[in-house]
Amino acid sequence: MSLTSLLTYVGLVAVFPGFVFTAVVGLLSSWFDRKLSARLQWRVGPPWYQSFADVAKLLGKETVVAAGSARLTFLGAPFVGFAAVVVVSTVLWMASIRPDGGFVGDLIVVLYLLYVPSLALIVGGSASRNPFASLGASREMKLMLAYEAAFLVSVFTLVVKNGGIVSLGGMVAYQQASGPMLSQGISCIIAFIVALIYLPAKLAVGPFDIPEAECELIAGPYTEYSGTPLAVFKLTKAMLLCVLPVFLITLFATTAWSPWAILWYVLILVFVVLIKNTNPRLRIDQALRFFWGPVLALSIVGIVLASLGL
Amino acid sequence: MEENERQLSRFSRWGLKKSPWAFHLNTGSCNNCDIEILDVLTPRYDVERFGITLVGSPRHADVLLVTGVVTMQTLPRVLHVYEQVAKPCLVVAIGACGCSTGIFDGSYHVVGPLDKIIPVDVYIPGCPPRPEAIIDGVVKGLAKL
């Protein structure tokens, strides 16, 4: 590999469309979330640079490692989750910008890498030797078991529908040729609804902020984190807030790299914020019952309809 | 306690002034000051405008809001929580009791005003202080950082 192509790859991952671009969009999105929540509560809300100030401050603060915690795991977990999100963001944006670039099966890679931030949170929380963090980690694990099955079925509904294309670039190209997935029948609309329900659970907001329920668990898995590792976790969360809507847009609405995608992006964010502000937190068993019951049933109906060609 | 003098880069110092997260610690207060702290967070005063939010874990805190005279029961907890806070942090004594033990002065269970236990940066007197006074105190404290 020549030096220029190596530099190009590093630039793609580190600056655009990877780390810097996604982090800026993600932090602005998390400000948008806080501002809209504030307006819904008749407050003024924070200024636009609020999320940047939060991260800047946390980067400078002392990092406390509690006595008895597994030091390496505790400090390493946030960086593992962060690295996974950086890779996912690069792959997703590139699939939209250059659909012919990817490789077969990068959809599966993205699905796997999206597990990693949640796993990092579970590992980090468990390593911190704090009862609240352990409880939060265990809830995060149960929540993951709840939402992943339905979302996977809804993603594979699309694969059934488009005739077995499992590369993101291929899916974008397919949609550019024959219209966005959402316009291709009832099964895709069902899959989209399931994906929209998955979104707040994956982001742990809205009625599904069960792992970090602040009035029961202090801050859940984040309880013992301070300074730079907490900043990395906040950044990971902000980037997920950008990456997941982009993933949905890529899957259902052709491409994330067009003016229309901005409208889609804002609509999905507004949906998440509205759901968050109008629904009280569920108990973990209610969330499990909700996802394994109606949501999974709905997604199975979707895949059956897709295999019938609807 | 020397850790509190920790040097920050200009970038982080800007962040600290724009996003002070507060942890609320009751060390034997009558709850009146605590209610005033909650008032500060309501839509009427809305301190999220300045990036101030209430956090649940002392590890996330930049501002320690302490209400009440320190009692013998709470003394070890105050020290514990102060050590748990990631430095640098601002310690704010809220109310007459925190500043000077107030009407509990001389009681059998009183260990002392807060500044005999941990270093205090800002004193906000009043029984209870008004929400405006609390915001004013925190802003003055941030100017010190």
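Residues numbered from 1 in each chain as written. Chains lettered and ligands numbered in written order. Predicted model: local features only at pLDDT ≥ 70, side-chain atom pairs only at ≥ 80, totals over all residues.

Caption draft 1: Layout of the nonpolar core. The biggest cluster of nonpolar side chains holds 97 residues, and the ones touching the most others in it are V88, L92, V110, V194, Y198 and V243 of chain A. In terms of residues, this core owes the most to one element, helix 10 (residues 227-252) of chain A, which gives 17 residues. Each residue touching V194 of chain A, except ones within four places of it in the same chain, is listed here: A150, F151, S154, V295, L298, S299 and G302 of chain A. One finds V63, V91, C97 and I124 of chain B within the second-largest nonpolar core, a separate group that totals 34 residues. (Core = buried A, V, L, I, M, F, W, Y, C linked by C-beta atoms within 7 Å. Buried ≥ 20, exposed ≤ 12 C-beta atoms within 10 Å, placed from the backbone. Helix = DSSP H or I, 4+ residues; strand = E, 2+ residues; numbered from the N terminus. Contact = placed C-beta atoms within 7 Å.)

Caption draft 2: Structural context of the interface of chain A and chain B. Chain A puts 26 residues into the contact, and the matching count from chain B is 22 residues. Elements represented by at least two residues in the side of chain A that touches chain B include exactly helix 3 (50-60) and helix 10 of chain A. Of all the elements, helix 3 of chain A adds the most residues to the side of chain A that touches chain B, at seven residues. Counted by class, the side of chain A that touches chain B contains twelve nonpolar, seven polar and seven charged residues. (Nonpolar A, V, L, I, M, F, W, Y, C, P; charged D, E, K, R; others polar.)

Caption draft 3: Layout of helix 10 of chain A. Residues and elements named next belong to chain A. A rise of 1.5 Å per residue sets the reference length of helix 10, with its 26 residues, at 38 Å; its end C-alpha atoms lie 38 Å apart and thus fit the reference within 8%. For helix 10, the tally of buried residues reaches 24 of 26 residues, placing the bulk of the element in the interior. Backbone geometry just downstream of helix 10 places T254 in the positive-phi region, at approximately 70°. (Expected span 1.5 Å × (residues − 1).)

Caption draft 4: The arrangement of the pairing of strand 5 (residues 90-94) of chain B in detail. Residue and element names in this part refer to chain B. Here strand 5 lies mainly inside the structure; five of its five residues are buried. One ladder, built from five bridges, connects strand 3 (residues 63-67) with strand 5; its direction is parallel. The partner of L65 across the bridge, within strand 5, is V92. Relative to strand 7 (residues 122-124), strand 5 runs parallel, the two being bridged by three bridges. Bridged to I94 within strand 7 is I124. (Pairing = 2+ DSSP bridges.)

Caption draft 5: Structural detail: the sheet that holds strand 7 of chain B. The strand order across the open sheet formed by five strands is 2-1-3-5-7 (chain B), and the pairing between neighbours is parallel. Taken across any chain shown, the strands that pair with only one partner, and hence form the sheet edges, are strand 2 (53-54) and strand 7 of chain B.

Caption draft 6: The arrangement of the packing of helix 10 of chain A against helix 11 (residues 259-278) of chain A in detail. All names here are of chain A. Two elements in contact, helix 10 and helix 11, have axes separated by 10 Å at closest approach and are oriented at 125°. In terms of orientation, helix 10 lies oblique with respect to helix 11. The handedness of the crossing between helix 10 and helix 11 comes out as right-handed. Along the contact surface, helix 10 presents P245, L248 and I249, while helix 11 presents A261, W264, Y265, I268 and L269. Considered class by class, the residues forming the contact of helix 10 with helix 11 number eight nonpolar, no polar and no charged. (Axes fitted to C-alpha atoms, helices over the stretch in contact; angles between N-to-C directions. Parallel < 35°, antiparallel > 145°, perpendicular 65-115°, else oblique. Left-handed = near helix turned anticlockwise from the far one by under 90°.)

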